[in-house]
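Observations on chain architecture
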Amino acid sequence: MRRAAAAYLVLGLLLAPIPLLNVLQAESAAVVALAAYFISGGAAVRAFGTTSMSVWRVMGRQEAALLVPLAVLLLAQIWAPNCTLGQGLLFYALFPGITVVFAVAVAYLLRGLSVSRPGWVLSGLGGLLVVAGPLYDLGLHPQFYTYNHVFGGVLGPIYDEQLAVRPGLFAFRGLTLLWALLAVLLGQRVRGHGSRWAVLACALALGAGYVWSSPLGINTTAASLQERLGGHTRTAHFDLYYDSTQVDAATAADLAAAHEAEYDWVRGQLGLTADGERPRIQSYIYPNPDTKGRLTGARTTSVTPVWLDTPQVHLLRDRVSQSLGHELAHVVSRPYGLPGLQASWAPGLIEGWAVALEPPSPGPSPDDLVRTAAQSDTTTTLAAEAGAVAQRLSPWGFWTGRGAVSYATMGSFIRYLLDQYGPARLRRVYAWGDFEGVYGRSLDTLAKEWAAHLRRAPTVSRAAHAVVTRRFMRPSLFEADCPHYVPPARRHYQMAQRAARRRDTTEMVRHLDKALDARPRYAAAQEALARHRLAQGQASAVRRQIDTLSAAARTAPLQVARADAAVLQRAPDTARTLYARARAQTPGYAHGFRARLALRDAVADRPSVVRVLTSGDSAAAQARRLADTGFQNASVQAWQAVRWMDARQYRRALPLWERLDAPVRAGRPRSWHRAWELQRAAWGARSALRTDATETARRWAARATRQARVLGDEERAALFAWWERRAAESGITSRAGRSRLSPPNHASHLLVEAGESPTRASRCKVVPATIHNGSRDW
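What counts, and at which threshold
Residues numbered from 1 in each chain as written. Predicted model: local features only at pLDDT ≥ 70, side-chain atom pairs only at ≥ 80, totals over all residues. Heavy atoms only, no water. Helix = DSSP H or I, 4+ residues; strand = E, 2+ residues; numbered from the N terminus. Expected span 1.5 Å × (residues − 1). Buried < 20%, exposed > 50% of the residue type's maximum accessible area, 1.4 Å probe, protein only. Core = buried A, V, L, I, M, F, W, Y, C linked by side-chain atoms within 4.5 Å. Contact = heavy atoms within 4.5 Å. Disulfide = S-S within 2.5 Å. pLDDT = per-residue confidence, 0-100. Pairing = 2+ DSSP bridges. Axes fitted to C-alpha atoms, helices over the stretch in contact; angles between N-to-C directions. Salt bridge = Lys/Arg side-chain N within 4 Å of Asp/Glu carboxyl O.

Turning next to helix α28 (residues 556-568). Spanning 13 residues, α28 covers 18 Å between terminal C-alpha atoms, matching the ideal 18 Å at 1.5 Å per step. In terms of burial, α28 is a largely internal element, 13 of the 13 residues being buried.

Quick look at the nonpolar core now. Counting residues in each nonpolar core, the largest one holds 143 residues, and the members touching the most others are Phe 413, Leu 417, Phe 435, Tyr 439, Trp 657 and Trp 676. Of the residues forming this core, the biggest block, 11 residues, is contributed by helix α19 (residues 403-421). Beyond its immediate chain neighbours, meaning those up to four positions away, Phe 435 contacts Leu 349, Leu 393, Phe 413, Leu 417, Val 429, Gly 440, Arg 441, Leu 443 and Leu 446. Counting 38 residues, the second-largest nonpolar core is a separate cluster that includes Leu 11, Val 55, Val 58 and Ala 103.

What follows concerns the state of the cysteines. The full count for this structure, using the stated rule, is 1 disulfide. Each disulfide pairs two cysteine sulfurs, and for Cys 83 the partner residue is Cys 482, the sulfurs being separated by 2.0 Å. Judged by the torsion about the S-S bond (50 degrees), the Cys 83/Cys 482 disulfide is right-handed. Taken together, the positions of Cys 83 in the loop between α4 (67-75) and α5 (85-113) and Cys 482 in the loop between α23 (464-472) and α24 (488-501) put the pair 399 residues apart, joining distant regions of the chain. Using a relative accessible area of 11% as the deciding quantity, one classes Cys 482 as buried.

This prediction gives the chain a mean pLDDT of 88; 92% of its residues lie at or above 70. Across residues 734-778, where pLDDT falls below 50, the model places 145 contacts with residues more than four positions away in sequence or in other chains.

So, about the sheet that holds strand β5 (residues 281-286). Reading across the sheet, the 4 strands line up as β3-β4-β5-β6 and stay open at both edges, with mixed pairing between neighbours. The open sheet terminates on both sides in strands that have one partner only, identified here as β3 (230-234) and β6 (312-316). Neighbour-to-neighbour, the strand axes of this sheet turn through a mean angle of 20 degrees, independent of strand direction. Pairing of strand β4 (residues 238-243) with β5, which is carried by 5 bridges, proceeds in the parallel orientation. For Asp 239, the partnering residue across the bridge sits in β5 and is Gln 282. Most of the contacts of helix α10 (residues 222-229) go to β5, to which it runs at about 50 degrees, and overall it touches β3, β4, β5 and β6. Each of β3, β4 and β5 is contacted by helix α11 (residues 249-269), which is oriented at about 140 degrees to β4, the strand it contacts most.

The next point concerns the pattern of salt bridges. If you walk through the whole model with that rule in mind, you get 27 salt bridges. Its salt-bridge partner being Arg 576, residue Asp 605 comes within 3.8 Å of it at the nearest N-O pair. Placement of Asp 605 in the loop between α30 (591-602) and α31 (607-613) and of Arg 576 in helix α29 (residues 572-585) is noted, with a sequence separation of 29 residues between them. Residue Asp 605 is classed as partly exposed on the basis of its relative accessible area, which comes to 40%. What makes Arg 576 buried here is its relative accessible area of 13%. Residues joined in a network through salt bridges with shared partners are Asp 254, Arg 648, Arg 686 and Arg 690.

Take a look at the structure:
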């Protein structure tokens, strides 16, 4: 006991100063469990070899020794706040608590078998389980959790702030206890006592557990994922799997088009033009974080398990537009990674590669973000960022840093290498990060060249500062107080979302009220409640709700809700003032949302139109109802076109875009009109592409490209130029196909939805409800 207690004390003192590991949570419990297997197992081997002490007494003593690191972790709350103590105690019981039972039982069996060097055998068995378990789970299954008999388990990706505590964890730790019981029963049998029937019953229970491992949630197979999701769409290169109850045929076609277009872009950036023989890619699209966490262990993080034999990506439906190109860049990297792993050893290279190869986006580029951060933060410079490149290549340096900063910095650096030295060298350097051997220059020299390149840039995106202020200041998991803590307001908001998915509005409102009781200024809950009240026609309630908030607490969506309420109460001047305020609060890259605000401003004197727009009807139903309002001016027709696009009925939207007059009110600033014309061209191009009207799409995209360049928006100009090029290529292919009497090449497979990504370089969490459900709304 003294040796075990001393070892645990040393372990606790080692954990005490380390961020994240000094908080009693899943991570620290796993580390203690890993050490406890060897500490308690070694102590048990010695105890059973020198005394006739019962297995239960040794087990009890070793469990008591676990109080030593527990006391240190509890004491660490003085400098490492822990808001999840109850959950931490649960993990401590599940991980080291059960591991000690398992280790002592194995030691008891080994001593009974009289094997030579039982301590070494116990340690070897533990090492084998530590390595083989994750290799089996993560190497053969499309899952992002692993449960282990020794260290307990890893519950999901490091970027998931909220842990996915699945039923499979409890089932697996139950199996660990069954293994321990079997070891004790066998140990008793070899000592001449104990029941063979008990051994048989225990073995049968273990066998049943492994046979039913997938239904129990211990493992997730590809077949089970596909069965649970239900929907399937096949394209030239992809098999898309999605929840068939949430995704209709038109939405599935949009998803398929985005996959093909972004895959083609990424391959083109790497100079991979020949199609050749390539394995099909599986894309799993989950309807919400609860479903994704339950099936895979990753609630919100988009993941590409490149090490699996079948190329695949796993995405939330609301994150497809932000994450798809990034994840497909990981897929394309597989042939250039390390053997077996099919990825680089350096996380900075892995993620920098993906950020650098993402398709064009209207958001600020990684270059602009890094330049803006260096100019805004007095604690760093471009020279300092160049010096930090080597650190961000390493696993510890990358994962402990702030995610948005690491992604933007490495994405900018890798993009510089791609543009300056070409894709061939980038493909060669990817696996090992041998910059000296591939580029003939040291990493330090290349980083300094990159910093000099950033200094020479003539302009910086106007939206970059807002993105940097909001995203770069977000602490990493290692910096956060109370990691994995979900405040009561957020818990009730999540329960409200679940109720909304069940269409239980009574339960939804009850949880929203509780969320606001816990945190009155919780914007997401305020916005959801306001939208619900507007759908119910409760304009007065919305006005009272929002008027009680301070000006600082009124987000852009709340300003819109208050303005909609003013329209319904026939106060158009008040509504237009609020729409203008909402537009001023909206990020500059949210072009679709800003265009919708201009359209709302134009119908501020039409309560019947806004009543349709705020209803809970589907987009298609709203488009039909708008035709019956009695107003068929430009603004109403524009809203019809937008709603038909929201419903993915592009053939209905395209004629409206082509004959539409300017709906923006004459009294609004010129910038509103210019922004609308550009957005109209973007929406027209998208509608034309999705209806295979390639010449119309090329014309609209060319017009949008010119307008974006006039406005100095090079990011959007690059996006529209890509659309124009693809429309032209599709038109040539279609004409050639028709001349050979073969089916046309559908332009719908060449469209990428793009527009409202907060930044190409940020993998941080996005609140999708703030900007039209998080879609890249072009």
